[in-house]
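Breakdown of the fold
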Amino acid sequence: NNLDELTQQLMMLKQAGVAGVMADVWWGITEPDAPGEYCFDGYIKLAGLLRGMGLKMQAVMSFHQCGGNVGDTCYIPLPKWVLKVGE
């Protein structure tokens, strides 16, 4: 599954001497439904996995849409409630 694959990839980075990884913390994932209603579950699990492997995590807050450019394989829109405000 994806967790096993991620764990293997992180182990290879650790073995190569990498000290940590950077992760975008997407607004569209962490506050999707309403202002002030947050969900960081996936990021907390990632931080725990990295900590357990002795790797550091640099979190980058990303307040823009992910995807939509040439070659992008991921799409994470802005929160729905933000888009409604703009209508």
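Now for a description of the structure that goes with this document. Predicted model, so just to flag it, every value in this text is computed and none were measured.

Parameters at a glance
Residues numbered from 1 in each chain as written. Predicted model: local features only at pLDDT ≥ 70, side-chain atom pairs only at ≥ 80, totals over all residues. Heavy atoms only, no water. Helix = DSSP H or I, 4+ residues; strand = E, 2+ residues; numbered from the N terminus. Rg over C-alpha atoms; globule rule 2.2 N^0.38 Å. Contact = heavy atoms within 4.5 Å. Areas by Shrake-Rupley, 256 points an atom, 1.4 Å probe, with all protein chains shown as cover. Expected span 1.5 Å × (residues − 1). Phe/Tyr/Trp six-rings, centres within 6.5 Å; stacked < 30°, edge-to-face > 60°. Buried < 20%, exposed > 50% of the residue type's maximum accessible area, 1.4 Å probe, protein only. Axes fitted to C-alpha atoms, helices over the stretch in contact; angles between N-to-C directions. Parallel < 35°, antiparallel > 145°, perpendicular 65-115°, else oblique. Left-handed = near helix turned anticlockwise from the far one by under 90°.

1. Side note on the overall build of the chain
Helices and strands together make up the secondary structure of the chain, namely four helices and two strands. Element order for the chain, N to C, with α for helix and β for strand: α-β-α-α-β-α. Relative to its length of 87 residues, the chain is extended, with a C-alpha radius of gyration of 15 Å against a globular reference of 12 Å. Judged by the C-alpha coordinates and their principal axes, the chain covers about 50 × 30 × 25 Å. A sequence separation of at least 24 residues applies to 65% of the contacts in the chain between residues at least 6 apart. Summing over all exposed atoms, the chain offers an accessible surface of approximately 6,400 Å²; the carbon and sulfur share of this is 58%.

2. Topic: helix α1 (residues 2-15)
With 14 residues, α1 should cover 20 Å at 1.5 Å per step; its first-to-last C-alpha distance of 20 Å lies within 8% of that length. With its phi angle positive at about 95°, G17 sits one or two positions after the end of α1.

3. Brief notes about the packing of aromatic side chains
Counted under the stated rule, the structure contains three aromatic pairs. A centroid spacing of 5.5 Å and a plane angle of 70° characterise the contact between W27 and F63, whose relative ring orientation is edge-to-face. Pair noted here: W27 is in helix α2 (residues 27-30) and F63 is in the loop between β2 (56-62) and α4 (80-85), with a separation of 36 residues, a long-range link. Exposure remark for W27: the relative accessible area of 19% places this residue in the buried category. For the ring pair W27 and W81, a centre distance of 5.8 Å and an interplane angle of 85° mean the geometry is edge-to-face.

4. Regarding the packing of α1 against helix α3 (residues 41-53)
Put simply, α1 and α3 touch, their axes get as near as 11 Å, and they point 40° apart. Viewed along their axes, α1 and α3 adopt a mutual orientation that is oblique. Here α1 runs over α3; the crossing is right-handed. Taken together, the residues of α3 that come into contact with α1 (itself represented by L3, L6, T7, L10, M11 and K14) are L46, L49, L50 and M53.

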